[in-house]
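Given next are the chains, with one letter for each unit.
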Amino acid sequence: MSREISSDEFREALHSLRVWDTPLPGFDAGGAPDEPLVLFREWFVHAAEAGQVEPHTMSLATVDGEGRPDVRTLMLHDADERGWHFASHATSAKGVQLAGQAAAALGFYWPAVGRQVRIRGRVGACGPQESRADLAVRSRGALAAALTGRQSEVLGSREELVRVSAAAWERAGAEPDAPTPTWTRYVLDPDEVEFFQGDAARRHVRLRYRRTPAGDWVRELLWP
């Protein structure tokens, strides 16, 4: 049974928390590369080597048909010249929202090194062959979850989930190439990428890459 937390207890816990209790890396924005992908890959590997837990998790923000924002955490599948890759069901809430409005944003936060990366752009859906290949390199559990489907739908009971997911697990083992028609790989093509380096004295470094209409990248420092 859950324990009710009072407002005072909640605030005491909240206000007792601190961030960046370890030395933070520096960031010379003047020496940053010309394109954001190069810097993102450098920061990503650095965060992983620094012990950041699950550096490949990120927030994806979308809007629904009424313009209301939505956000969730999911995994990065790749970052290349096409953009930042992730996957989901086309019938999920995020899939439906992206079909109606392709503009989206990604957010990475790596507290172990006091760094954030924020990305905005338009999202495109990959074809069925590439989307299916996305599952081929992942685990049996990932395939089973994709076969279960019905993501974001109302669930009648926990027992129903157990029954359906167990059947999907068995099928994933027996049919590793089972079709998953709604599973879709997406790519966010960025037009803005911001790199944030925290500083204990609150003199944070913020470097934004902004794509021009000609397709070039402009670098700009921002006030923290």
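Residues numbered from 1 in each chain as written. Predicted model: local features only at pLDDT ≥ 70, side-chain atom pairs only at ≥ 80, totals over all residues. Heavy atoms only, no water.

K.L.:
Residues and numbers for the packing of aromatic side chains, please.
P.N.:
Each pair of aromatic rings is reported with the distance of its centres and the angle of its planes. Counting across every chain of the model gives 12 aromatic pairs. Look at Phe195 and Tyr209: their rings are 5.7 Å apart centre to centre, the planes differ by 75°, and that puts the pair in the edge-to-face class. Here Phe195 is found in strand 7 (residues 183–197), whereas its partner Tyr209 is found in strand 8 (residues 205–211), with 14 residues between them in sequence. Measuring from centroid to centroid gives 6.4 Å for Tyr209 and Trp217, while their planes differ by 80°, and the two rings are edge-to-face. Trp217 shares its class with Tyr209; the two are buried. (Phe/Tyr/Trp six-rings, centres within 6.5 Å; stacked < 30°, edge-to-face > 60°. Helix = DSSP H or I, 4+ residues; strand = E, 2+ residues; numbered from the N terminus. Buried < 20%, exposed > 50% of the residue type's maximum accessible area, 1.4 Å probe, protein only.)

K.L.:
Can you tell me about the pairing of strand 9 (residues 217–222), naming the residues and giving the values?
P.N.:
As defined by bridge partners, strand 8 adjoins strand 9 across six bridges and the pair is classed as antiparallel. Its bridge partner lying in strand 9, Arg206 is registered against Leu222. Hairpin connection of strand 8 to strand 9: five residues between the antiparallel strands, including Gly215 at a positive phi of 95°. (Pairing = 2+ DSSP bridges.)

K.L.:
I'd like to hear about a nonpolar patch on the surface, residue by residue, with values.
P.N.:
Judged by side-chain polarity, Ile5, Phe10, Leu14 and Leu17 come together as a nonpolar surface patch covering roughly 410 Å² of accessible area. In this structure, Leu17 sits in the loop between helix 1 (7–16) and helix 2 (36–49). (Patch = residues over 30% accessible without salt bridge, like charges linked within 9 Å, V, L, I, M, F, W, Y side chains within 5 Å. Areas by Shrake-Rupley, 256 points an atom, 1.4 Å probe, with all protein chains shown as cover. Salt bridge = Lys/Arg side-chain N within 4 Å of Asp/Glu carboxyl O.)

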